[in-house]
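Remarks on the overall topology
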Amino acid sequence: MRIRKGDLLAIGPGKVALLEAIAEHGSISAAARSLGMSYRRAWLLIDELNRALREPATQSGPGGVSGGGSSLTPVGERIVALYRGIEARAHAACANEIRELTALMNP
């Protein structure tokens, strides 16, 4: 599922996975590494998400040798919970169709 706001792809599976990785690893750079993406790509995704929101999904500390780090704001936590809830309900509601599509695939 992808949610657009104008021309922005505001929320989608990649951004939600990135938010989950930030929550788990405590930084954008560690989250990016865990997902096999560059720091720049991760930063651009978070920037795009935060620009689409009324309040940011992440908060970061000042950088430096021992500084830095990022975490989810309550808005970021809510986005993850809502997105994963919608995904679970959609999967349950479409279980028959998903089985049919899966049956069309090579074994």
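Before reading further, recall that the structure is shown in the block above.
Within any chain, residue numbers begin from 1 and follow the written order of that chain's sequence. Residue-level local features of this predicted model are given only where pLDDT is at least 70; pairs of side-chain atoms are given and counted only at 80 or more, and the full residue set underlies all totals for whole chains, interfaces and linings. To get the side-chain values, take all heavy atoms of the structure and skip hydrogens and water.

1. Comments concerning the overall build of the chain
- Secondary structure counts use DSSP, requiring at least four H or I residues in a row for a helix and at least two E residues in a row for a strand, with both numbered from the N terminus. Along its length, the chain carries 5 helices and 4 strands.
- Along its sequence from the N terminus, the chain presents helices and strands in the succession β-β-α-α-α-β-β-α-α.
- If one aligns the C-alpha atoms of the chain with their principal axes, the spans along those axes are about 50 × 30 × 25 Å.
- Relative accessibility decides the category of a residue: with a 1.4 Å probe and only protein chains considered, values under 20% of the type maximum give buried, values over 50% give exposed, and everything between is partly exposed. Taken across its 107 residues, the chain has 28% of its residues classed as buried.

2. Some remarks on the nonpolar core
- The definition of a nonpolar core used throughout is a set of buried Ala, Val, Leu, Ile, Met, Phe, Trp, Tyr and Cys residues joined through side-chain atoms within 4.5 Å. Counting 21 residues, the largest nonpolar core has Ile11, Leu18, Leu19, Ile22, Leu49 and Ile79 as its most contacted members.
- Contributing elements (two or more residues each) for this core: strand E2 (8-11), helix H1 (13-25), helix H2 (28-35), helix H3 (39-52) and helix H4 (74-93).
- By the convention used here, residues are in contact when the closest approach between their heavy atoms is within 4.5 Å. Once residues lying within four places of it in the same chain are set aside, the contact partners of Ile22 are Ser27, Ile28, Ala31, Ile46, Thr58, Ser70, Ser71 and Leu72.

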